[in-house]
Amino acid sequence: MAPASIHQAIHGYRDGHRLLSSSTPLPPEALRTMLVLSDMSGPSMQLGFDEYLTAYPLPGTDLFVLAKTWYAPEMQRPGCVWTHSLLIPRDHVARVPTTALLEAFRRPQLEGVDSAVSKPVEVGEVTSGGASLDGFADRRLAALLIGAVLGQPRPVIVVADTAAQLEAVFLRLWEELLPAEKTRFSFCTGALMPRANAGALLDLQAIPRAIPPSQFRKSASAALVLDLRAPGKPEGWVDLVLDGAVRGDPTFRTWLEAAAGAHAGRAIVSSLAPIFGEWYAQGSSARSALASVLGAKNLDPDARSRLIGMVFDRANTESGVTGRREMLQGLCGHRDNDLAPIATMLEVQTRRLFDESRTEGVALVLSLLGSALTEVGERVLRLAVLLLVPNDVETFGDAQAPFLSTIVGANPVLAQSPILWKRVGSRAIDVLSQLGGANLDEEARGAVISAIFTSGRDVSVDALARFGGKVTIIRALTALASGQLQFSYPWQSAISAQPGTVLEWLESLSSPSLRDLELGSRFLSPRATQSRLAAVWKSGTSSAGSIVPRVAAFGLTLAFWEADVKSPLFAVCFQPTYDAAASSRLEYEEWDWLREQAPSVSWYRDWDRCERLAAALARLLERRNASLETVFTIVHSRPAIRKVAAVLYDDRGTRPYLKSLRKAADSSFTGTREQRDALLEDW
């Protein structure tokens with residue numbers, strides 16, 4: 001062990017009791033405390049008490065004081081004492097051997113006292129032949145003190161014949177305390193009257209038998225007064241403490257430190273020791289240990305929580321993660337004790353169970369569903385449900401299926417996986433209704449809708465629309481466009497009721513496909529929001545090859561609305577629409593879009609859709625004085641060019657424009673030879 005550097009101080013008489021030498025400055029509060037506790041411990045010295053030890057935490061510092069006091073008869077004034085104090089850092093108290101501390105004490109002398117302790121003392125291993133303390137050699141005495149000090153929280157006053165009679169057992173008992181308690185514990189082996197620190201009696205002190213009890217009863221009324229001569233039998237737990245200490249067996253101490261915690265008081269030992277006995281009894285198991293912990297009365301809640309945690313670890317050692325799960329399962333229905341103080345610990349154990357074995361975690365959920373649970377059990381179940389992931393749902397049987405809506409209500413993330421929807425069966429509406437009450441954002445609702453579509457589960461369109469609203473429509477359009485969802489009348493009705501959402505969906509696509517445009521045309525009219533629709537159609541047809549008549553007719557309607565012959569919609573949409581009209585492939589709705597844009601030329605040729613389309617285009621071309629290049633960009637086929645030319649020729653007002661086009665075609669290479677020949681035919 002490396003030597004520890006420990007500050008020290010000497011108090012003695014010089015025109016009154018005072019600090020004579022010190023290796024370190026101290027704050028005023030600490031100085032006042034040391035001044036009092038270094039002085040003689042009573043009004044007059046008693047035979048056998050002219051040397052004694054005092055130990056106490058020093059207020060206002062991180063130091064613990066172990067001091068030795070000697071009566072000083074060499075002083076002219078009666079009642080004088082010398083006191084040598086060791087100022088031990090509290091984090092060293094549990095590490096520095098008591099025997100080494102005792103060897104560091106030196107009785108001060110008048111000569112040189114001012115500089116006697118000007119430097120710290122180095123305290124390490126025992127080097128002068130000193131042995132470890134044997135303070136428990138007198139078993140009866142040790143048992144009485146252990147029972148009194150560790151069996152209850154009050155200070156203990158022991159009636160003794162001499163200070164030396166109890167010094168070894170006091171020090172040995174101090175050594176056996178838990179590390180944190182050791183730094184808090186205060187004692188005096190020779191209190192001529194009851195002593196206090198910071199207004200509280202020292203935890204353990206020996207009082208001379210010669211002092212009549214009447215003189216200290218009042219000042220020690222809050223203490224347990226122990227007469228060593230009185231008959232008495234210690235409780236069974238005392239033997240456990242004593243046997244472990246005498247044998248040097250660390251089992252009990254190690255277990256106690258784990259169970260009590262770093263800040264537990266000394267009195268907790270009496271409640272923990274019987275549990276230790278049950279814990280290591282022959283044939284004991286995690287279950288029997290748990291019963292002893294739950295059955296222990298007046299057990300500190302923190303200690304109970306730690307002990308149950310230790311039981312879980314033991315169950316895990318004995319039976320693996322199955323043991324941990326069985327412990328949780330049993331505690332969730334335990335009604336003989338209030339387990340609310342350990343609810344947080346049980347939640348920690350639940351997380352550990354899932355971390356170590358997801359299979360056992362799911363088994364816990366399945367076992368608790370439908371069981372009679374306490375409030376704590378419900379907390380555990382709720383957490384376990386929150387820890388479920390979609391793949392876990394695959395293990396659910398028919399018995400658990402009715403709970404799926406409640407489970408999803410607690411853990412909505414499960415509903416974002418198709419796995420859940422494949423498992424819910426006929427309860428899909430119940431689950432969706434439960435989700436409707438959850439505070440889900442649009443992204444989460446959309447993920448649920450997509451999961452339903454992916455699962456193939458047939459869910460009412462109305463229920464989906466109520467749940468997701470606008471999000472449902474957008475996800476349905478995406479699914480319809482990709483072929484994941486089949487087009488049906490319910491979807492036609494639901495989506496048609498939200499044309500604004502359909503347009504938003506189209507606009508959200510960076511480059512809508514012809515399939516997207518065709519789908520959008522099922523729910524939109526080119527007679528509304530034309531400017532936005534035109535932008536979408538231009539984006540979707542900009543690099544298109546063959547265009548289906550429906551998309552072409554929709555785009556041509558928008559082009560006529562724009563009335564701009566240079567619009568790319570004319571170039572892309574006129575010829576496919578004309579060809580569809582020529583082969584009677586335009587549906588009624590598609591022609592209805594164009595009907596107003598392409599009025600009949602004469603009442604008896606109202607049926608000729610090609611003529612009406614050609615006439616509408618020809619008039620616009622003439623009004624805009626479109627160039628031959630523009631005309632050939634829009635009109636490609638020979639029949640269409642002949643039809644446009646015929647319309648221009650039939651009207652005297654438009655013949656000059658036709659003549660200019662023919663002159664341009666005759667003198668240039670604009671367009672293809674077929675286009676030019678068609679325009680120049682019969683000229």
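Residues take numbers from 1 onward in each chain, read along the sequence in its written order. Local features in this predicted model are restricted to residues whose pLDDT is 70 or higher, and side-chain atom pairs enter the listing and the counts only when it is 80 or higher, whereas totals over whole chains, interfaces and linings include all residues. In computing side-chain properties, one takes all heavy atoms of the structure into account and sets aside hydrogens as well as water.

Draft legend 1. Quick peek at the overall build of the protein. Looking only at helices and strands, the protein has 33 helices and 12 strands in total. Note that the radius of gyration is over C-alpha atoms, with the globule rule given as 2.2 Å times the number of residues to the power 0.38. Relative to the compact-globule value of 26 Å for 683 residues, the protein shows a C-alpha radius of gyration of 48 Å, a clear excess of over 25%. Three labels apply to residues, based on accessible area from a 1.4 Å probe with only protein chains included: buried if under 20% of the type maximum, exposed if over 50%, partly exposed otherwise in between. When each of the 683 residues of the protein is scored for burial, the buried share is 51%. Sequence-distant contacts in the protein: of pairs separated by 6 or more residues, those separated by 24 or more amount to 67%. Approximately 31,400 Å² of the protein is accessible, and the part contributed by carbon and sulfur atoms is 50%. In the protein, 71 positive and 74 negative side-chain charges are present, and the distance between their average locations comes to 5 Å. Only runs of H or I of at least four residues qualify as helices and only runs of E of at least two qualify as strands under DSSP, and these elements are numbered from the N terminus. The contact criterion used throughout is that any non-hydrogen atoms of two residues lie within 4.5 Å. Surface accessibility in these figures is a Shrake-Rupley result with a 1.4 Å probe; residues are shielded only by whichever protein chains are displayed. Positive charge is attributed to Lys and Arg, negative charge to Asp and Glu, and no charge count is given to His or to the chain ends. To locate a charge, take NZ of a lysine, CZ of an arginine, CG of an aspartate or CD of a glutamate.

Draft legend 2. Representation of the pattern of salt bridges. Any Lys or Arg side-chain nitrogen found within 4 Å of a carboxyl oxygen on Asp or Glu counts as a salt bridge. In the structure shown here, the tally under the stated rule is 36 salt bridges. Across the salt bridge formed by Asp249 and Arg247, the nearest N and O atoms sit 3.7 Å from each other. Under the relative-accessibility criterion, Asp249 is labelled partly exposed at 29%. Looking at Arg247, the relative accessible area reads 59%, which means it is exposed. Residues joined in a network through salt bridges with shared partners are Asp161, Arg209, Asp227 and Arg229.

Draft legend 3. View of unusual backbone geometry. Look at Thr529: it is not a glycine, yet its phi comes out positive at around 45°. Tracing the backbone shows Thr529 in the loop between α24 (514–521) and α25 (530–541). Using a relative accessible area of 40% as the deciding quantity, one classes Thr529 as partly exposed. Positive phi, normally seen in glycine, also occurs at Ser584, with a value near 60°.

Draft legend 4. Focus on the environment of Thr577. With respect to the secondary-structure elements, Thr577 resides in helix α27 (residues 568–582). Sequence spacing of Thr577 and Arg253 is 324 residues, and the spatial spacing of their C-alpha atoms is 93 Å. Polar side-chain contacts of Thr577 include one of 3.3 Å to the backbone oxygen of Ala552. Counted as a polar contact is a pair of N or O atoms within 3.5 Å, where, for protein atoms, one must be capable of donating a hydrogen and the other of accepting one, and residues adjacent in sequence contribute only when both atoms are in side chains.

Draft legend 5. View of the packing of aromatic side chains. Note on aromatic contacts: the rings of Phe and Tyr and the six-membered ring of Trp form a pair at centre separations within 6.5 Å, being stacked when their planes are under 30 degrees apart, edge-to-face when over 60 apart, and tilted otherwise. Inspection of every chain in the model, using the stated rule, returns 15 aromatic pairs. Between Phe170 and Phe187 the ring centres are 6.4 Å apart and the planes differ by 90°, which places this aromatic pair in the edge-to-face class. Of this pair, Phe170 sits in helix α4 (residues 164–176) while Phe187 sits in strand β8 (residues 187–188), and the two are 17 residues apart along the sequence. Phe187 shares its class with Phe170; the two are buried. Taken together, the aromatic side chains of Phe64, Phe170, Trp174, Phe185 and Phe187 make up a single cluster linked through ring pairs. Two thresholds decide whether a charge sits over a ring: the Lys NZ or Arg CZ must be within 6 Å of the ring centre and within 35 degrees of the ring normal. Lys182 extends its terminal NZ or CZ atom over the ring of Trp174, reaching a point 4.5 Å from the ring centre. The ring of Tyr649 has Arg655 lying over it, and the distance from NZ or CZ to the ring centre is 4.6 Å.

Draft legend 6. The arrangement of the nonpolar core in detail. The definition of a nonpolar core used throughout is a set of buried Ala, Val, Leu, Ile, Met, Phe, Trp, Tyr and Cys residues joined through side-chain atoms within 4.5 Å. Residues Leu204, Trp255, Leu272, Leu307, Leu420, Trp421 and Trp537 are the most contacted members of the largest nonpolar core, which totals 212 residues. Not counting chain neighbours up to four residues away, the residues in contact with Trp537 comprise Leu506, Leu517, Ser521, Val551, Phe554, Gly555, Leu558 and Leu569. In terms of nonpolar packing, the next biggest core, distinct from the first, is built from 16 residues, Val81, Leu202, Ile207 and Phe216 among them.

Draft legend 7. Layout of helix α26 (residues 549–562). With 14 residues, α26 should reach 20 Å at 1.5 Å per residue; the first-to-last C-alpha distance of 20 Å fits that figure. The element α26 is extensively covered by neighbouring structure, given that 12 of its 14 residues are classed as buried. Pro549, Arg550, Val551, Ala552, Ala553, Phe554, Gly555, Leu556, Thr557, Leu558, Ala559 and Phe560 are the residues of α26 that are buried. Looking at the buried positions of α26, the neighbouring elements they touch are α24, α25, α27, α28 (588–595) and α29 (609–623). Positive backbone phi, approximately 60°, marks Ala563, located one or two places after α26. The span you would expect from a helix comes to 1.5 Å times its residue count less one.

Draft legend 8. Spatial organisation of the state of the cysteines. Note on terminology: disulfide denotes any pair of cysteine sulfur atoms within 2.5 Å. Taken as a whole and judged by the stated rule, the model has zero disulfides. Cys80 takes part in no disulfide bond, and the closest cysteine sulfur to it belongs to Cys188, at a distance of 18 Å. Cysteine Cys573 remains unbridged, with the sulfur of Cys610 as its closest cysteine sulfur at 16 Å. The class for Cys573 is buried, based on a relative accessible area of 0%.

Draft legend 9. Spotlight on the packing of helix α3 (residues 139–150) against helix α7 (residues 236–247). Inter-axis angles, ranging from 0 to 180 degrees, are taken between N-to-C directions of lines fitted to C-alpha atoms, where helices are fitted over the stretch in contact. Between α3 and α7, the least distance of the axes is 9 Å, while the angle of their chain directions is 115°. Read as a crossing pair, α3 and α7 show a hand that is right-handed. Contacts between α3 and α7 involve Arg139, Ala142, Ala143, Ile146, Gly147 and Leu150 from the former and Trp237, Val238, Asp239, Val241, Leu242 and Asp243 from the latter. When residue character is reported, Ala, Val, Leu, Ile, Met, Phe, Trp, Tyr, Cys and Pro are called nonpolar, Asp, Glu, Lys and Arg charged, and the others, Gly included, polar. When its residues are assigned to classes, the contact of α3 with α7 shows eight nonpolar, one polar and three charged. Whether a crossing is left-handed or right-handed is set by the direction in which the near helix is turned from the far one by less than a right angle, anticlockwise for left-handed and clockwise for right-handed.

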